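Structural features, examined
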Amino acid sequence: MISAGVEVKINRLESIVEQIGEAVLSTTETIERLAERLETLSIQVEAQGQQVQQQGYQIVALCDAVQTLTESHHNSLQKLNQLTQTVDRFISLIQELDDSNNS
């Protein structure tokens, strides 16, 4: 027969083991939820990384387009300058002819 003191100790030990088991289960569930959240965050971060990379590609393409546009604008300005000089020469020649005809 088990004495009353030993039985009380066994009951206390059983209670402690039960509490430890519940704590372990609770901790395991918490860790699982945290792992799920971490996985979700990891997926979101990966998706955002891909978006940032895509935006980087778009920025490079935009810079190339701006550079091409700038070069084209520069070429157009040069041609316009040449055309202006040619028109100025024509006007000078016309004025010279007009002056010589009026003299």
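Reference entry: report on the structure contained in this document. Being a predicted model, the structure only gives us computed values, none of them experimental. (Residues numbered from 1 in each chain as written. Predicted model: local features only at pLDDT ≥ 70, side-chain atom pairs only at ≥ 80, totals over all residues. Heavy atoms only, no water.)

1. Here's the deal with the overall build of the protein chain
In terms of regular secondary structure, the protein chain is built from 1 helix and 0 strands. In terms of C-alpha radius of gyration, the protein chain reaches 44 Å, well past the compact-globule figure of 13 Å for 103 residues. In terms of principal-axis extent, the alpha carbons of the protein chain reach across some 150 × 15 × 10 Å. Residues classed as buried in the protein chain amount to 0% of the 103 residues present. Between the centroid of the 6 positive side chains of the protein chain and the centroid of its 15 negative side chains there is a distance of 12 Å. (Helix = DSSP H or I, 4+ residues; strand = E, 2+ residues; numbered from the N terminus. Rg over C-alpha atoms; globule rule 2.2 N^0.38 Å. Buried < 20%, exposed > 50% of the residue type's maximum accessible area, 1.4 Å probe, protein only. Lys, Arg positive; Asp, Glu negative; His and termini not counted. Charge placed at Lys NZ, Arg CZ, Asp CG, Glu CD.)

2. Examining the environment of I91
Within the secondary structure layout, I91 lies in helix α1 (residues 4–102). Spatially, the C-alpha atom of I91 lies 127 Å from that of A4, the residues being 87 residues apart in sequence.

3. Notes on a nonpolar patch on the surface
A contiguous nonpolar surface patch, about 430 Å² in accessible area, is contributed by L77, L80, L83, V87 and I91. By the element assignment, L80 lies in helix α1. (Patch = residues over 30% accessible without salt bridge, like charges linked within 9 Å, V, L, I, M, F, W, Y side chains within 5 Å. Areas by Shrake-Rupley, 256 points an atom, 1.4 Å probe, with all protein chains shown as cover. Salt bridge = Lys/Arg side-chain N within 4 Å of Asp/Glu carboxyl O.)

4. Brief notes about a negative patch on the surface
Together, E29, E32, E36 and E39 make up a region of like negative charge exposed at the surface. With respect to the secondary-structure elements, E32 resides in helix α1.

5. Thoughts on the environment of I43
Tracing the backbone shows I43 in helix α1. Taking the C-alpha atoms as reference, I43 lies 15 Å from Q53; in sequence the two are 10 residues apart.

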